[in-house]
Amino acid sequence: MRKIYFVLAALLCSAFVFSQGTLTGTVLDGDSGDPLPGASIVVEGTTTGVATNFDGNFSIEVSSNTGTLVISYIGYTTQNVNYTKVGNLGTISLQSDSQELEGVVLISSIAVDRQTPVAVSTVKAADIELKLGTQEFPEILKSTPGVYATKSGGGFGDGRINIRGFNSVNVAVMINGVPVNDMENGRVYWSNWAGLADVTSSMQVQRGLGASKVAVPSVGGTINILTKTTDVEKGGNVYTGVGNDGYQKYGFTLSTGLMDNGFAATVSASKTKGNGYVDGTEFEGYNYFVNISKRINDHHTISLSSFGAPQRHGQRQNRSSIAKYRDAESGIKFNPDWGIKNGQVVNIEDNFYFKPQTSLNHYWNINDKSFLSTAVYASSGTGGGGGTAGDYSLFNVRLGGDDQPVDLDNIVSINRDRGAQGLEAAAYLRASRNDHEWYGVLSTYKNDLTDNLALMAGVDLRTYTGKHFSELTDLLGGAYVIDNSDINNPNRTIKVGDKRDYHDEGKVGWQGLFTQLEYTKNKLSAFVAANFANTSYRRIDYFLYLNSDPLQETDRYNFPSYGIKGGANYNLDANNNVFVNIGYLERAPGFDAVFLNFDNEHINADAANEKIFSTEIGYGYRSNVLSANVNIYRTAWNDRTFTDNFSVGGVDYFVNLLGVNALHQGIEVDFVYRPINKLSLTGMLSLGNWKWTNNVENAQVYDNANQPVGNPINIFIDGLKVGDAAQTTMALGLNYEFFDRTRLLLDYNYYDNYYADFEPTGRTSQGIPQSWKAPSYGLLDAGISHGFDMGGFDATIIARMNNVFNTEYIADALDGGSHDALSALVWYGFGRTFSLGAKITF
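First, a word on scope: everything that follows refers to the structure included in this document. What you are looking at is a predicted structure, and each value in this text was computed from that prediction instead of being measured.

Some points on empty space enclosed by the protein
- Per the counting criterion, the structure on display carries 8 cavities of 30 Å³ or more.
- The computed volume of the largest cavity comes to approximately 490 Å³.
- At the level of elements, strand E16 (247–255), strand E17 (263–274) and strand E18 (283–295) are the ones that each hand at least two residues to the lining of the largest cavity.
- Sorting elements by how many residues they give to the lining of the largest cavity places E18 first, with 4 residues.
- Its residues assigned to classes, the lining of the largest cavity shows 13 nonpolar, 18 polar and 4 charged.
- Approximately 230 Å³ is the volume attributed to the second largest cavity.
- Lining the second largest cavity are 22 residues, with Glu139, Lys151, Leu779, Tyr809 and Phe830 positioned closest to its centre.

A look at a nonpolar patch on the surface
- A cluster of nonpolar side chains, namely Met259, Phe263, Ile292, Ile296, Ile302, Leu304, Leu360 and Val376, defines an oily patch on the protein surface of about 650 Å² accessible area.
- When you line up the elements, Leu360 lands in strand E25 (residues 357–365).
- Its relative accessible area of 44% is what places Leu360 among the partly exposed residues.

Observations regarding the sheet that holds strand E7 (residues 87–94)
- Read from one edge of the open sheet, 3 strands run E4-E1-E7, paired in mixed fashion. Of all strands in the sheet, those with a lone pairing partner are strand E4 (57–62) and E7, marking the two edges. With direction set aside, neighbouring strand axes in the sheet form an average angle of 25°.
- Inspection of the sheet shows strand E1 (residues 21–29) paired to E4 by 6 bridges, in the antiparallel sense. By the bridge assignment for E4, Thr26 is matched with Asn57.

What to know about the nonpolar core
- In this structure, Tyr148, Trp692, Trp772 and Val826 are the most contacted members of the largest nonpolar core, which totals 38 residues.
- Among the elements of the structure, helix H4 (322–327), strand E38 (651–676), strand E39 (679–692), strand E40 (696–703), strand E43 (742–754), strand E44 (777–790), strand E46 (810–814) and strand E47 (825–828) are those that each provide at least two residues to this core.
- With 26 residues, the next largest nonpolar core counts Val123, Leu132, Val180 and Val205 among its residues.

Quick look at the pattern of salt bridges
- Summed over all chains, the structure comprises 29 salt bridges.
- A salt bridge links Arg538 to Glu553; the shortest N-O distance between them is 1.9 Å. Highlighted residues: Arg538 in strand E33 (residues 524–541) and Glu553 in the loop between E33 and strand E34 (557–571), separated in sequence by 15 residues.
- Classification of Arg538 as buried rests on a relative accessible area of 16%.
- Two residues, Arg743 and Glu737, come together in a salt bridge whose shortest N-O distance is 3.3 Å.

Quick notes on helix H5 (residues 408–420)
- A rise of 1.5 Å per residue sets the reference length of H5, with its 13 residues, at 18 Å; its end C-alpha atoms lie 18 Å apart and thus fit the reference within 8%.
- Within the span of H5, buried status applies to Leu408, Ile411, Val412 and Asn415. Around the axis of H5, the buried residues are gathered within 100° of arc, so they sit on the same side.
- Those residues of H5 hidden inside the fold are in contact with strand E22 (339–341), strand E23 (344–346), strand E27 (406–407) and strand E28 (427–448).
- The N-cap residue of H5 is Asp407: its side-chain oxygen and the backbone nitrogen of Asp409 are 3.3 Å apart.
- Gly422 sits one or two residues past H5 and shows a positive phi near 80°.

Re the side chain of Asn629
- As for its position among the elements, Asn629 is in strand E37 (residues 626–648).
- Residue Asn629 is classed as buried on the basis of its relative accessible area, which comes to 16%.
- Reaching out from Asn629, the side chain makes a polar contact with the side chain of Arg622 at a distance of 3.0 Å.
- Setting aside chain neighbours within four positions, we find Asn629 in contact with Tyr619, Gly620, Arg622, Glu668, Val669 and Asp670.

Overview of the pairing of E33
- The element E33 is largely enclosed, with a buried count of 13 among its 18 residues.
- When strand E32 (residues 499–521) meets E33, the two strands line up antiparallel, connected through 18 bridges. Across the sheet, the residue bridging to Lys507 is Arg538, located in E33.
- Joining the antiparallel neighbours E32 and E33 is a turn of 2 residues, in which Asn522 adopts a positive phi near 55°.
- Sheet topology places E33 next to E34; 14 bridges connect them, and they run antiparallel.

Thresholds applied
Residues numbered from 1 in each chain as written. Predicted model: local features only at pLDDT ≥ 70, side-chain atom pairs only at ≥ 80, totals over all residues. Heavy atoms only, no water. 1 Å grid on protein atoms, 1.4 Å probe; cavity = no way out; pocket = protein on both sides within 12 Å on 5 of 7 lines; lining within 4 Å. Points joined across faces, edges and corners; volume = space filled by probe spheres on them. Helix = DSSP H or I, 4+ residues; strand = E, 2+ residues; numbered from the N terminus. Nonpolar A, V, L, I, M, F, W, Y, C, P; charged D, E, K, R; others polar. Patch = residues over 30% accessible without salt bridge, like charges linked within 9 Å, V, L, I, M, F, W, Y side chains within 5 Å. Areas by Shrake-Rupley, 256 points an atom, 1.4 Å probe, with all protein chains shown as cover. Salt bridge = Lys/Arg side-chain N within 4 Å of Asp/Glu carboxyl O. Buried < 20%, exposed > 50% of the residue type's maximum accessible area, 1.4 Å probe, protein only. Pairing = 2+ DSSP bridges. Axes fitted to C-alpha atoms, helices over the stretch in contact; angles between N-to-C directions. Core = buried A, V, L, I, M, F, W, Y, C linked by side-chain atoms within 4.5 Å. Expected span 1.5 Å × (residues − 1). Arc of directions from axis to C-beta. Contact = heavy atoms within 4.5 Å. Polar contact = N/O pair within 3.5 Å; in protein donor to acceptor, adjacent residues only side chain to side chain.

So, in structure tokens, the structure goes:
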């Protein structure tokens, strides 16, 4: 027995000698201050090593009180850290050694914590992987202050995002620094970028005017998406996933890393398909991403990137009343926009699009003080959205009650009978096409004038042609249709694939210059920036005017605009900082504000620029366990262009409101609390007060033949709440690694003060109340990931459930005539959904 005690004591002593203690610390990006997940931590001269977690934290057992840790990360300079005792080593910052990474950050206007004076939130790749599941890409940001993100009608890629009450037209979206907002209407269609999450290294949301130097529509904010480039390590992964309603996804990513010859390449591809949660929203999409880079020498790197996501999906375009959903057999999944033909589902309203984008980037490290980053890019989009044409009443004939699919076989039978009599089809399907060609150059030069002062300047050139036409897609058993919309070929017979109704082009030119001066010294950092842009519009109409008519093509109309902004951040001490920013910008009116009535004769050549004045103050606190921010903002938006299309009794109408003013103001609070390395608690509260601040007089309404209808009307909206986004949001989250490589994620989001969107054209009388306020609601999402070794490879399983308690809620609403729940037209949000995915990394 004594020998046994002796052996146990010897083993304990040996364990004490060879395991002297634990070293902990946090590895950060030296420029941005962001955590570096997956950084390698190795005890020099041994094989003992660990990797940082998604927060950049590490914990490693060491056998001696003294030694050296070798800390490395792809694309960063390796750092040796000496230690003379165990314990917390604090923060360790790594500096980038990648020209390409520096160039992307420069051209993308990435904000730096405790330096750039803007309100900012950053989501890393590891978080995206945990949070995405079957959600839309914008929904990853729904726990961000000031953000309201929904699935809209519920079709694949139909998600939307509002920031501080501004929709996507007024939120700049940039991918690797290249703007992707539509050049004509400013919108962002997320279905064009399906699969982008697979190759995103980080996504940063800058609320307010943001840090972008170029003249982009960052009234509500800017979303910067950075894809993976040569800073990824050698290897790759394969993954697959399944989910509710037949959801399937599978794909791969393969990267060479930076090779000895200076080349690096990344290739990613995937396929996603499913039946859709909402009735009649089947979808199928593909995506690809290719990046090939060459580090020529210490001064020059070139990078070629191309990505695209061809897809087709059924849509729920039309909202319904609450009573309709409650009476419908499929409940909140009810969709009036699909039918059955010959036993097969037909998506009457659908979306199909392919928008590949290719860019060639050159990064030139001129010397120790100067850097030039240039991107030349091109994008060509083809596709559009489907709908009905002809006798609309035939699409109200359904297979049973009015909550059932459209009886398309009935239309086929009618059209065949008419065809036998030599008559045209009574009803058919069409698509509104919006093809485009887009080319641009974006170049940014940076020069460190002194140790504390840096100058940046650049040029932003774009040219865009939007091709708009309606196309006959399905005759539904008919023989032909007579179309009289083309003055050059009147009363022509058209069939599937032929253009109909309208055919025009919008040509947009953009010439922009920008400059920014940055000052950084000790605790103070400040900047002042200015930009100038000229936006030009020209319209060509092939249907309304004879080919010999000079009116077929308009002159080019130019609208100069500018912006100026500045701000400062002051670090009070190692923990506390304050910042302020202020800016004024004028933005060119939209294309439809110039060509008022879809023709070349009603031209508003003197359309006023939209004017935005924004101020913001903020406070930040940083420590090893707590990060917190408080922001107060005020944005006044004057001379807003408000183009509105609406339908009454099956007749389409159009109105263009000019000189609309709004005020958006509020306060935002967010925090991350890490009581221990394995646990993070997050939270945010956003209180907004967004209102229209004036009435509009003498607005003219036109019908779909571009003819004025009635007398000009007055619009009374002064004091009404801005609708279509929750003005009060709150979030709480938990991220806990309860076992090694096993993590639990919980997110609770609460929404209140959502006022239904409304048509200003309906507010023609004084004293009309606020639009209907939808009930508040809260949603709990949960996810769990588990990593393990499988045959020498790293494997990860991720399970996710959204809306755990199957809460029934209204996510989007359009105000009705009586401004209450009875008349509102709504889209319900999704009930409980789930996904299960697996990934093998090599």
